[in-house]
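# Structure at a glance
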Amino acid sequence: MEFESANPTIVKSIKQRDLLNTWLRLYAREQLIPRIEEYQPERFADELPDLVFYTVDTAQAPPRLLIDSDGTRMSSAYGYTGKGRYLDDYLGPRLVPVVMPVYCECLRRALPVYTISSIDDIYGRIVAYERLLMPFSQGGNVTHVIASLKTISEDGGFEIRNLMRGNDTLPTAKLRAVIDRDLFHRAPGRIPAGDVIEFG
């Protein structure tokens with residue numbers, strides 16, 4: 001599976017960009033992936049329905065992802081809750097080849113990964129599925145991953161129930177990217193440190 005190299009501006013959703021910017025601020029301090037307990041974005045609670053938290057089980061090779069929680073929208077999209085299950089078991093054999101390589105790339109590169117896929121809902125309306133994966137560590141390999149999952153349809157309304165399992169067609173990848181460039185966040189409207197400002 002091919003992934004393009006990208007900078008943070010590739011992320012379309014403003015809310016996902018805010019989540020990524022918080023990750024970038026933590027990463028930029030020492031060029032190390034942050035610890036999950038440090039990650040406290042603004043309005044974090046508002047995003048929880050779209051977030052899934054994973055613990056990386058490194059006792060197995062390759063490592064597996066254990067679902068610690070799952071957002072209510074993900075549960076709807078997949079038809080049932082996945083909490084306490086390994087992601088590969090939860091996805092099932094049809095979706096594993098499509099979804100797991102994205103998570104494996106996040107673990108391998110220890111960098112954020114962003115994808116956009118399209119899938120039809122049960123009424124045939126095309127839905128864009130935007131996934132942002134952010135890795136976290138306790139000082140070595142990736143130990144946790146947070147996934148932000150957004151769904152949007154140009155047709156307006158769509159049916160999220162069983163979106164990922166409700167029809168015979170698999171999600172079609174439109175974009176797969178590793179965010180490996182410009183790994184910093186500069187707040188807009190700020191003057192970079194070191195610039196000389198003259199007052200007349």
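Notes on the structure follow. This structure is a prediction, so every number in the text was calculated from the model and none was measured. Position numbers for residues count from 1 along each chain, tracking the sequence in the order it is written. Given that the model is predicted, a residue must reach a pLDDT of at least 70 before its local features are reported, and side-chain atom pairs must reach 80 or more before they are shown or counted; all residues, however, enter totals for whole chains, interfaces and linings. Based on all heavy atoms of the structure, the side-chain values leave hydrogens and waters out of the count.

### Regarding the overall build of the protein chain
Scanning the protein chain from N- to C-terminus turns up 5 helices and 7 strands. Helix and strand assignments follow DSSP, with helices taken as H or I runs no shorter than four residues and strands as E runs no shorter than two, numbered in order from the N terminus. Reading the secondary structure of the protein chain in the N-to-C direction produces β-α-α-β-β-α-α-α-β-β-β-β. The contact definition used throughout considers only heavy atoms, calling two residues in contact when any of these lie within 4.5 Å. Contacts spanning at least 24 positions in sequence make up 61% of the contacts within the protein chain whose residues lie at least 6 apart. Summed over all atoms, the accessible surface of the protein chain reaches about 10,800 Å², with 51% contributed by carbon and sulfur. The Shrake-Rupley method, run with a 1.4 Å probe sphere, supplies the accessible areas, and residue values consider only the shown protein chains as cover.

### Some details on helix α5 (residues 96-109)
Taking 1.5 Å per residue, 14 residues should reach 20 Å; α5 reaches 19 Å between its end C-alpha atoms and fits that length. Here's how the labels work: a residue is buried when its accessible area is under 20% of the maximum for its type, exposed when over 50%, partly exposed in between, all with a 1.4 Å probe on protein chains only. Of all the positions in α5, only Val99, Met100, Val102, Tyr103, Glu105, Cys106 and Leu107 are classed as buried. One or two steps after α5, the chain reaches alanine 110, where phi turns positive at roughly 55°. One less than the number of residues in a helix, times 1.5 Å, gives the span that helix is expected to have.

### Notes on the packing of aromatic side chains
Ring pairs shown here join Phe, Tyr and Trp side chains whose ring centres sit within 6.5 Å, with only the six-membered ring taken for Trp; geometry is labelled stacked below 30 degrees between planes, edge-to-face above 60, and tilted in between. Per the stated rule, a full pass over the model turns up 5 aromatic pairs. For the pair tyrosine 39 and phenylalanine 136, a centre-to-centre distance of 5.1 Å together with 65° between the ring planes defines the contact as edge-to-face. Remark: phenylalanine 136 occurs in strand β5 (residues 126-137) and tyrosine 39 occurs in the loop between α1 (14-30) and α2 (44-47); sequence separation between them is 97 residues. Across the pair, exposure class does not vary: tyrosine 39 and phenylalanine 136 are buried alike. Each ring, one from tyrosine 54 and one from tyrosine 103, has its centre 5.3 Å from the other, and the planes form 75°; the classification is edge-to-face. Residue tyrosine 54 is located in strand β2 (residues 51-57), and its partner tyrosine 103 is located in helix α5; the two are separated by 49 residues in the primary sequence. Connected via pairs of aromatic rings, a cluster forms that spans Tyr39, Phe44, Phe53 and Phe136. Over the ring of tyrosine 86 we find arginine 64; its NZ or CZ atom is 3.9 Å from the centre of that ring. Criterion for a charge above a ring: Arg CZ or Lys NZ at most 6 Å from the ring centre, at most 35 degrees from the ring normal.

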